[in-house]
Amino acid sequence: MKAARRRIDVNLEELDRVLDGARQAPLSESDHGKLKEALHVLAAMLVRPRNTEKSSEVLKKPEDSETETQPDNNTPPAPGHGRNGAEAFGGARKVDIKHQKLTHGDRCPECGKGNVYGQKEPKVLVRIVGQAPLAATVYALERLRCGACGQVFTAQEPEGVGPDKYDETAAAMIAQLKYGAGTPFYRLEQLEGQLGIPLSATTQWEIVEEAAQVIKPARDELIQQSAQGTVVHNDDTSMRVLRLKRDPSDQRTGVFTSGIVSVGEGWKIALYFTGSRHAGENIAEVLKQRRAELPSPIQMCDALSRNVPKLPAGAEILLANCLAHGRRQFVEVAENFPNECRYVLEMLGQVYGHDAEARERGLTPDERLRLHQERSRPVMDRLHAWLETQLAERKTEPNSGLGQAISYLLRHWQPLTLFLRKAGAPLDNNLVERALKRAVLHRKNALFYRTLNGAQVGDLFMSLIHTCQLCGVNSFDYLVELQRHAKELAARPAEWMPWNYRETLARTVNLPDPA
């Protein structure tokens, strides 16, 4: 790791004095140090930081290259570009408009000869309106008072108006904004206040805390089912909790949010745990609920020892390490060792290309394994031989950046290449890396959790919201339905998972009336 520079306080007037003095006499040791540090800082500021690890960006073509690639104007746009069709607005309210003058089978008013018939596809208009994240309605119920007896008669509230000031949709929206979009309570308070809807940060917290208690069985069921997954990813990131009580014997000072993504048959589950435990300890707690008759799961993580769980005797995992982390070692030193890093990145690029082909073809895990064994194993064998040669024949200094990157791959070669031996083993840990961005977003915007209870509420909602995202489910609708069916959720939580709650709702609506 590059050593941090010593801090030197300097200003422009002082730099001008140093430069002017250099005309008359050699620089003193202190002036030389100040000028050197200032130039290094300026050079570091001018370097454009890399925001991508794509090989095309990391490995720039030489400037004296004779053939310059011309842009292909006939290349089709990447998926996701262009306008959205009406079918993309799945959450929009649908309104069917009948023709104002004609019905199916009427005589054509234009020619008077034929009849008009309904078309299979109607003409579609999409109109989008703006509104406050949380809207309010004020009902003014008329009151009448008897002049003789003084009895007051109040109008009945409209049908559908519940007894609570804040209904299930309010709690779902606040949770969605806070733990799904990273909007702090105080920022939502300011926005709602500007729109004429007072909603204090304290009130927001009370609403989501109460909702968390209602829907907690869903999160507990997610933990239980995630333990049965075939592949389990885990990693963690730092977090801040202002008031965190620690055991006197606990020597740790750090606080982390661990992310776990479990992949099973037809589902993906995301879990978050905030506290002093590392990711390996949290995944060990989850796997305690794994059924004994199931085969050993694949655990994907980076090579940090704290990510590997300490399991009881008899319990086993198949450890896989993240190939993207190994690749990143070479990305970071590519400027200093361009030719060697180009070779490694291009070899790994072939492996990722084979994996992309397997996804595009919809191969089963066994078919994907055979594809990698046929195409990726020769590539990885050549890469392994090249890596060993670099160190054995002293072509690379072991203590250099390139040498350390090579040593990392060789040291973790077996878990890095599990995808060549085990069906379903992933190449990298990017799935949980993306999941942890939700916790990072909260940390950047809200800065901290005030208490451990607040962190646990955040973990609960993040787990439910991101699991919905992984399963392609509307998380707002899911949170609303969990609250509205709290009794059914508590009785049968397995039937209220993001991937099956819609079927459960359909059965609930069609159930006969017990009376």
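How each quantity is defined
- Residues numbered from 1 in each chain as written.
- Predicted model: local features only at pLDDT ≥ 70, side-chain atom pairs only at ≥ 80, totals over all residues.
- Heavy atoms only, no water.
- Helix = DSSP H or I, 4+ residues; strand = E, 2+ residues; numbered from the N terminus.
- Buried < 20%, exposed > 50% of the residue type's maximum accessible area, 1.4 Å probe, protein only.
- Contact = heavy atoms within 4.5 Å.
- Phe/Tyr/Trp six-rings, centres within 6.5 Å; stacked < 30°, edge-to-face > 60°.
- Lys NZ or Arg CZ within 6 Å of the ring centre and 35° of its normal.
- Pairing = 2+ DSSP bridges.
- Polar contact = N/O pair within 3.5 Å; in protein donor to acceptor, adjacent residues only side chain to side chain.
- Axes fitted to C-alpha atoms, helices over the stretch in contact; angles between N-to-C directions.
- Expected span 1.5 Å × (residues − 1).
- Bend = angle between axes of the 7 residues up to and from the residue.
- Salt bridge = Lys/Arg side-chain N within 4 Å of Asp/Glu carboxyl O.

### Focus: the environment of Gln350
Logical step 1: Relative to the helices and strands, Gln350 resides in helix H9 (residues 338-361).
Logical step 2: The partly exposed category is assigned to Gln350, whose relative accessible area is 33%.
Logical step 3: Linking Gln350 and Met380, residues 30 residues apart in sequence, is a C-alpha distance of 9.6 Å.
Logical step 4: The residues touching Gln350, leaving out its near neighbours within four places in the chain, are Val379 and Arg382.

### Examining the packing of aromatic side chains
Logical step 1: Counted under the stated rule, the structure contains four aromatic pairs.
Logical step 2: Centre to centre, the rings of Tyr343 and Trp386 are 4.9 Å apart; their planes meet at 40 degrees, and the pair counts as tilted. Here the residue Tyr343 occupies a position in helix H9, and Trp386 occupies one in helix H10 (residues 365-392), the gap between them amounting to 43 residues.
Logical step 3: Judged by its relative accessible area of 18%, Trp386 is buried.
Logical step 4: Relative to Tyr501, the ring of Tyr478 lies with its centre 5.0 Å away and its plane at 70 degrees, an arrangement referred to as edge-to-face. With Tyr478 in helix H15 (residues 475-484) and Tyr501 in helix H17 (residues 501-510), this pair connects stretches of sequence that are 23 residues apart.
Logical step 5: Tyr501 sits in the buried class, given a relative accessible area of 2%.
Logical step 6: Directly above the ring of Phe185 sits Lys178, whose terminal nitrogen or CZ lies 4.6 Å from the centroid.

### Structural notes on the pairing of strand S6 (residues 267-275)
Logical step 1: Across the nine residues of S6, eight count as buried, placing the element largely inside the fold.
Logical step 2: One ladder, built from nine bridges, connects strand S5 (residues 256-264) with S6; its direction is antiparallel. Bridging from a neighbouring strand, Thr257 pairs with Thr274 of S6.
Logical step 3: Between S5 and S6, which pair antiparallel one after the other, the connecting turn spans two residues, and Gly266 there sits at a positive phi close to 85 degrees.

### Observations regarding H15
Logical step 1: Burial of H15 is extensive: eight of the ten residues sit out of reach of the surface.
Logical step 2: Taken together, the buried positions of H15 are occupied by Ser475, Asp477, Tyr478, Leu479, Val480, Glu481, Leu482 and Gln483.
Logical step 3: The N-terminus of H15 is capped by Asn474, whose side-chain oxygen sits 3.0 Å from the backbone nitrogen of Phe476.

### Details of the sheet that holds strand S7 (residues 298-301)
Logical step 1: Read from one edge of the open sheet, five strands run S6-S5-S3-S7-S8, paired in mixed fashion. Only two strands of the sheet have a single partner each, and these edge strands are S6 and strand S8 (318-321). Mean inter-strand twist for the sheet, computed between neighbouring axes without regard to direction, equals 20 degrees.
Logical step 2: Each of S5 and S6 touches helix H14 (residues 452-471); the most contacted strand, S6, lies at about 165 degrees to it.

### Examining helix H13 (residues 430-446)
Logical step 1: With 17 residues, H13 should reach 24 Å at 1.5 Å per residue; the first-to-last C-alpha distance of 24 Å fits that figure.
Logical step 2: The largest bend in H13 amounts to roughly 25 degrees and is located at Arg438.
Logical step 3: Three or more residues of H13 are buried, namely Leu431, Val432, Ala435, Leu436, Arg438, Ala439, Val440, His442 and Ala446.
Logical step 4: If you follow the buried residues of H13, they end up packed against helix H4 (168-180), strand S3 (231-238), S5, S6, strand S9 (449-451) and H14.
Logical step 5: Leu447 sits one or two positions beyond H13 and adopts a positive phi of about 75 degrees.

### A look at the pattern of salt bridges
Close approach of charged atoms allows side chains with opposite charge to pair.
Logical step 1: A complete count under the given rule lists 16 salt bridges for this structure.
Logical step 2: Taking the shortest distance from any N to any O, the salt bridge between Arg484 and Glu168 comes out at 3.8 Å. Remark: Glu168 occurs in helix H4 and Arg484 occurs in helix H15; sequence separation between them is 316 residues.
Logical step 3: The exposure class of Arg484 is partly exposed, given its relative accessible area of 44%.
Logical step 4: Arg342 is paired through a salt bridge with Glu346; the nearest N and O atoms lie 3.8 Å apart. Of this pair, Arg342 and Glu346 both sit in helix H9, four residues apart, roughly one helical turn.
Logical step 5: If you follow the salt bridges from partner to partner, you end up with Lys216, Arg219 and Asp220 in one network.

Function cannot be inferred from these measures alone, as they are strictly geometric.
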